[in-house]
Each structure stands twice: as C-alpha cells, then as structure tokens.
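Coordinate inspection notes
Here is how the chains run, residue by residue.
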Amino acid sequence: MAGDDGRVLRDAASGELARRFPWRWLDEQAVLPLRIETGAEGPTAWVAADGALSALVQTALEKRLAASLRVVPTRASDIRAALLAARTPELTTDGERITADEQLASIDDLRAQASREPVVQLVHAMLAEAVRAGASDLHVESTASGLRIRQRLDGVLRDVQTLGMEFRAAVISRIKVMASLDIAERRLPQDGRTRVQVAGREVDVRVATLPALHGESVVLRLLDSTQSGATETLESLGFSDALLSRWRQLVHRPDGLLLATGPTGSGKSTTLHAALRERSTADVKVVTVEDPVEYRVEGAVQLPVNPRSGFGFATALRAMLRHDPDVILVGEMRDVETAELAVRAALTGHLVLSTLHTTDAAGAVQRLRDMGIAPYLLTGTLRGVLAQRLLRRVCAACRTERAPGLAEQSAYAAAQQRWPAIGPSTLSSIAFGTGCSACSGTGFRGRVAIGELLEPDVATPYSLPDLSGDGWRAVAAGLTTPDELYRVLTVELMG
C-alpha cells in the first residue's frame, strides 16, 4: 500500500479494526490497523505507522488484534487526517463512546506505561533537574511530535528537553499517577499534589493538567522549603533601605489592612511571608488562609483552602476570627465577600495582610472600590499598599561591567532628577553577566525586588520612588540591567 493512499487510510479508519481502539489513543500514537491476513504462521496485522513502534504500542496492538504486526510506513499527518475524517458522532458523542472493555484496556495500558521503570526514572530526573536548577515551575506540554519540557527559572521560561511521541502518554500518565489524578480523564482540567524526595530534600509539587490541541499540558509547581522564598527576610528581598523602613513600620502596627500588589509571580507572597516571620513571636498569634500554603512560617497557624468541601477564603476567614488572632494573612482577595470580611477584621483591631492583582499601588484603592468596599471603610483601615516586581539579579560568578548607552544615561538621569536618593547623579557603569555554568549561561542568578509604597493616611507625601525609579536604583547599584528593567515593567509604567 502506498503511504499516501488517502482512500485506503480513510476506509481503515472507519473500519472494524480501528473501532477496537479508543479514537484518541490511535490519534495520539499515530497508528492505524489496516487489515489482518492469516497465513501458515498465524494471523498478521498490517498497521500504518510513522516509523518503528515503541514496545508499549506494539504490545497494545498485538494484544487487541491477536496477531503479529507488520508496519506500513505512513506519514503521521496522513494517519491523523484519516482518523479525523472518519470520526463519526457514533464514536464521539458523550466523549468517545467506546465499550467498557476498551476503556478498561486503555486505562490498563496507561497504568502499565506509567509504571515502567524507564518512565519512572525519566520523570524523577526531570523533577530533580528542575529542583537543582532552582526552577519554580516545570512545564510538560504535548506537541504534534511529542513532548516539550520547559522550566521557569527566575521568572523566565526556557526549553530544556524534547521527547518523542512514544513518551507522551507514558510521562503524562506517570505524573497523573504521582498526583493521584484520573489517568483516563483527558478532556477536563485536573488539579492534584504530590511530594518527591530530591537530593535528600522533600519537595511539595502542585500539579495542574489542561486539555490542549495535541494532548494534555501539565504544569508542576515546585515548592521547595529549602529554597529562597521559604526563608527570605525583609532585608534579603532587595528593597531599598528607605522603602524597607517604611514597610517595616506598617508591618509592626497593631491593626489595619496592608496589601501587596502586582501580577502573578511578582513576589507578593514571598514579601508577606517575610513580614509574617517578623511578627510570628511568642506573644503574637498569626493565622493564615492560603491557596496553596507555599511557605511554612514557624509559630503560625496556616490553613489551606479546600473549595471542593466548601472551605474557601470567606469561610476560613470567619472561622479564623473566632480564634483570637493578632495578625491575619488572607492569601488573595478573590471576591467581594472575602474583601469585606478582611476590611472589617482590620477595622476591629487585627492586622490583616493580603494580595491584589493590580499594576501599581494606587490601582489597589480603586480595585477595592470596584469590588464594592465602601470608601469610609477603606479610609479607616487601609494603611499601606506595596506594589512590587521581581527583576533577575546579575550573576555574581560572571559579573562584569560596561559603559552605559546614551538612552540609558538619559532615562536614569530623568529618574534621578525626580528621586535623587536612588543613586549618584550620573550612571557611570552597568553590570551584566556574561553567562557561566552557575547561571546556566543566562547571566542572571536569583532575583531582586523593586517596589513602590502608598500610605493613604499619610498627609505629606515622602520622596519614595515609583516602580520605574526603584528599578533604576537597582540598576545603579549593579543588581540588575536596564534590559531586565524594560522587560519586566510595561511601557505605561516606564513612561
């Protein structure tokens, strides 16, 4: 049979042999049984495939077809096109209506793949490499040709590995098994968690799956209690001395509402947990409600929300107030009810810390008003809003310097004229990393925080810079580069 004979492929895709298998499995593996011939040595099944079959796929085909195999080289795109053309409502209504025997066989195949020692070792090696590199997330994405593996390191994604089609179902199934997810469910998002031992350290892994065009995409959030973030102090975050002094005064107030704002991944939780470590003493009761609990705070009572059982932020906050707390952390103000409860808790003598997704400090006030919080309540409770970003820190191992360009000198001079305290009057040099093994060739290792602080009840404004000004402070101090500052801050903020 010619590899491009579309009519033969379409006939096979709608034939009896193809119906013995789940349509999605044939599409994922890019295989299609064509016919069975009986000879002197027994039945032989002719199967269209793009290259050699993996051992797992070959075993599954031989088991279901009860025949030895002969492969007919065929392009994967032709096989998938034929399968798509032959996919009828009878097969696909209500999510691929197949027999119970076929469904069980498919699940058994997935479990068998996930339990193979090479697959177990491969997934463990992926996690170990990500943890050793200090990655915050591991992305496992299905593509037309297999799997794309990426790590988010210091806030930036980078490719680390690609795997062939034969690994796709096995690797994703292994991750699902580890996270106690339903390996047969590939049409709906799922969330789970697991713990793994890497180099003697226990790492909490949050797993989220998402059905996509070529298969499932999986993101693993790595929460290593020994990494930066779990032990950060306010001093180690990288804020300027002036901002840190003002923020620390707010953190040690007996009551009021303090907010950390910024996009996802801007370090809000790390900053608030660093503040909690200062307040969590023998004479102060700290209670938190989070989704999830990312960092452990010694001496604090930390509650993970569980929406499936009805234990959300609002429910947890009501319960927390009956436990006589002094300091409360609400992981995020996601709805009006939670925001109202947090504001009223601050009004009744508690210090409440929380986060909002706004681009700058001033936007937090308007956001709360848009959520329905009465202005008089904000006036009496909101003590401070810290907007922040994280910039990649120049690698200390390969750090060098260069002369600044004219555009960089001009931008710095404008910021320094407005906020003289950010650094010297002229920008004499710019630090950058040349790339080395310590920073995986990126020139950056670790991150430094920049921020702007708004105190609504301070009558006379003080001269703390905004985000862009504080960013130039970090550049002048040799902590980061102008390009990194431009990358993180939007054009509107830079203007």
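The model shown is predicted, which means the values in this text are computed figures rather than measured ones.

**Observations regarding the overall build of the protein chain**
- Of the regular secondary structure elements, the protein chain holds 18 helices and 18 strands.
- Expressed as lengths along the three principal axes of its C-alpha atoms, the size of the protein chain is roughly 95 × 60 × 45 Å.
- Looking at the 495 residues of the protein chain, the share that counts as buried comes to 49%.
- Of all intrachain contacts in the protein chain linking residues separated by at least 6 positions in sequence, the fraction that spans at least 24 positions is 62%.
- Taken as a whole, the protein chain presents about 22,800 Å² of accessible surface, with 51% of it coming from carbon and sulfur.
- Counting 56 positive and 60 negative side-chain charges, the protein chain places the averaged centre of each group 1 Å from the other.

**Quick word on the nonpolar core**
- Leu-257, Leu-259, Met-333, Val-352, Leu-368 and Trp-472 are the most contacted members of the largest nonpolar core, which has 48 residues in total.
- Residues Ala-13, Trp-46, Leu-53 and Val-57 belong to the second largest nonpolar core, which totals 29 residues.

**Considerations on the pattern of salt bridges**
- This structure, assessed with the given rule, holds 26 salt bridges.
- We note a salt bridge from Arg-253 to Asp-255, for which the minimum N-O separation is 4.0 Å.
- Residue classification places Asp-255 among the partly exposed residues on the basis of a relative accessible area of 24%.
- Glu-408 is the partner of Arg-402 in a salt bridge, and the nearest nitrogen-oxygen pair spans 2.9 Å.
- Given a relative accessible area of 11%, Glu-408 falls into the buried group.
- Connected through salt bridges with shared partners, the residues Asp-137, Arg-221 and Glu-294 form a single ionic network.

**Details of the sheet that holds strand 15 (residues 382-394)**
- Strands sit in the order 12-11-13-14-10-15-18 across an open sheet of seven strands; the sheet is mixed. Lying at the two open borders of the sheet, with one neighbouring strand each, are strand 12 (301-304) and strand 18 (444-454). For this sheet, the mean inter-axis angle between neighbouring strands, taken without regard to orientation, is 20°.
- In this structure, strand 11 (residues 286-290) lies alongside strand 12, joined through four bridges in parallel fashion.

**What about the sheet that holds strand 3 (residues 68-73)?**
- Across the sheet, three strands lie side by side as 1-2-3; this open sheet has mixed pairing. Both outer strands of the open sheet, strand 1 (31-39) and strand 3, are each paired with one neighbouring strand and no more. Within this sheet the neighbouring strands show an average axis-to-axis angle of 25°, counted without direction.
- The pairing of strand 1 with strand 2 (residues 42-49) spans eight bridges and is antiparallel. Residue Ile-36 lies in a different strand from strand 2, and its bridge partner there is Ala-45.
- Most of the contacts of helix 3 (residues 55-65) go to strand 3, to which it runs at about 120°, and overall it touches strand 1, strand 2 and strand 3.

**Focus: the packing of aromatic side chains**
- With the rule as written, the count across this model stands at three aromatic pairs.
- Between Tyr-412 and Trp-472, the ring centres sit 6.3 Å apart and the planes meet at 70°, which makes this aromatic pair edge-to-face. With Tyr-412 in helix 15 (residues 406-418) and Trp-472 in helix 16 (residues 467-476), this residue pair connects regions lying 60 residues apart in the sequence.
- Taking 6.1 Å as the distance between ring centres and 75° as the angle between the ring planes, the aromatic pair formed by Trp-472 and Tyr-486 counts as edge-to-face. Note that Trp-472 is positioned in helix 16 and Tyr-486 in helix 17 (residues 482-488), a separation of 14 residues in sequence.
- For Trp-472, a relative accessible area of 3% gives the class buried.
- In this structure, Arg-35 is placed above the aromatic ring of Trp-46, and the distance from its NZ or CZ to the ring centre is 4.7 Å.
- Across from the ring centre of Phe-21, 6.0 Å away, lies the NZ or CZ of Arg-64, which sits over that ring.

**A short note on empty space enclosed by the protein**
- A complete count under the given rule lists two cavities of 30 Å³ or more for this structure.
- Volume-wise, the second largest cavity comes out at about 30 Å³.
- Forming the walls of the second largest cavity are Gln-29, Ser-54, Leu-56, Val-57, Gln-113, Met-165, Glu-166, Arg-168, Ala-169 and Ala-170.
- Broken down by secondary-structure element, the contributors of at least two residues to the lining of the second largest cavity are helix 3 and helix 8 (165-178).
- The leading source of residues in the lining of the second largest cavity is helix 8, at five residues.
- Class assignment of the residues belonging to the lining of the second largest cavity gives a composition of five nonpolar, three polar and two charged.

**Brief notes about the confidence of the model for the protein chain**
- Here the protein chain averages 86 in pLDDT, while 90% of its residues score no lower than 70.
- Here residues 491-495 is modelled with pLDDT under 50, and outside its nearest four sequence neighbours on either side it reaches nine contacts, counting other chains as well.

**Digging into unusual backbone geometry**
- At Ala-30, a position not held by glycine, the phi torsion is positive, near 55°.
- The topology assignment puts Ala-30 in the loop between helix 2 (23-29) and strand 1.

**Some details on helix 9 (residues 241-251)**
- Listed in full, the buried residues belonging to helix 9 are Leu-243, Leu-244, Trp-247, Leu-250 and Val-251. Down the axis of helix 9, the sector holding all buried residues measures 120°, keeping them to one side.

Thresholds applied
- Residue positions are given per chain, counted from 1 along the sequence in the order it is written.
- Per-residue local features are limited, in this predicted model, to residues with pLDDT of at least 70; the limit for side-chain atom pairs, both in listing and counting, is 80 or more; totals at the level of whole chains, interfaces and linings are taken over all residues.
- Hydrogens are left out, water is left out, and the side-chain values use all remaining heavy atoms of the structure.
- Think of it this way: any DSSP run of H or I at least four residues long counts as a helix, any run of E at least two long counts as a strand, and we number them from the N terminus.
- Residue burial is assigned from relative accessible area. The probe radius is 1.4 Å, only protein chains are included, and a residue is buried under 20% of its type maximum, exposed over 50%, and partly exposed in between.
- Working rule for contacts: check all heavy atoms of both residues, and any pair within 4.5 Å makes them a contact.
- The protein chains shown are the only cover counted for residues, whose accessible areas, like all others here, come from Shrake-Rupley with a 1.4 Å probe.
- For the charge count, each Lys or Arg is scored as positive and each Asp or Glu as negative, with His and the chain ends excluded.
- Charge coordinates come from a single atom per side chain, which is NZ of Lys, CZ of Arg, CG of Asp or CD of Glu.
- Note on terminology: a nonpolar core comprises buried Ala, Val, Leu, Ile, Met, Phe, Trp, Tyr and Cys residues joined through side-chain atoms within 4.5 Å.
- Think of a salt bridge as a Lys or Arg side-chain nitrogen and an Asp or Glu carboxyl oxygen that are within 4 Å of each other.
- When DSSP finds two or more bridges between a pair of strands, those strands are recorded as paired.
- Between N-to-C directions, angles cover 0 to 180 degrees, with each direction set by a line fitted to C-alpha atoms, over the stretch in contact for helices.
- Each pair of aromatic rings taken from Phe, Tyr and Trp, with Trp reduced to its six-membered ring, is defined by centres within 6.5 Å and is described as stacked if the planes are under 30 degrees apart, edge-to-face if over 60, and tilted in the remaining cases.
- Charge-over-ring placement is defined geometrically: NZ (Lys) or CZ (Arg) within 6 Å of the ring centre, and within 35 degrees of the ring normal.
- Both cavities and pockets are sets of points on a 1 Å grid over the protein atoms alone; in a cavity a 1.4 Å probe fits but cannot get out, in a pocket the set is open with protein on both sides within 12 Å along at least five of seven lines, and lining residues sit with an atom within 4 Å of a point.
- Grid points are joined across faces, edges and corners, and a volume is the space filled by probe spheres set on the points.
- Lys, Arg, Asp and Glu make up the charged group, whereas Ala, Val, Leu, Ile, Met, Phe, Trp, Tyr, Cys and Pro make up the nonpolar group; the residues left over, Gly among them, are polar.
- Across the chain, each position has a pLDDT score giving the predictor's confidence in that residue, from 0 to 100.
- Starting at the helix axis, one direction is taken to each C-beta atom, and the arc is that of these directions.

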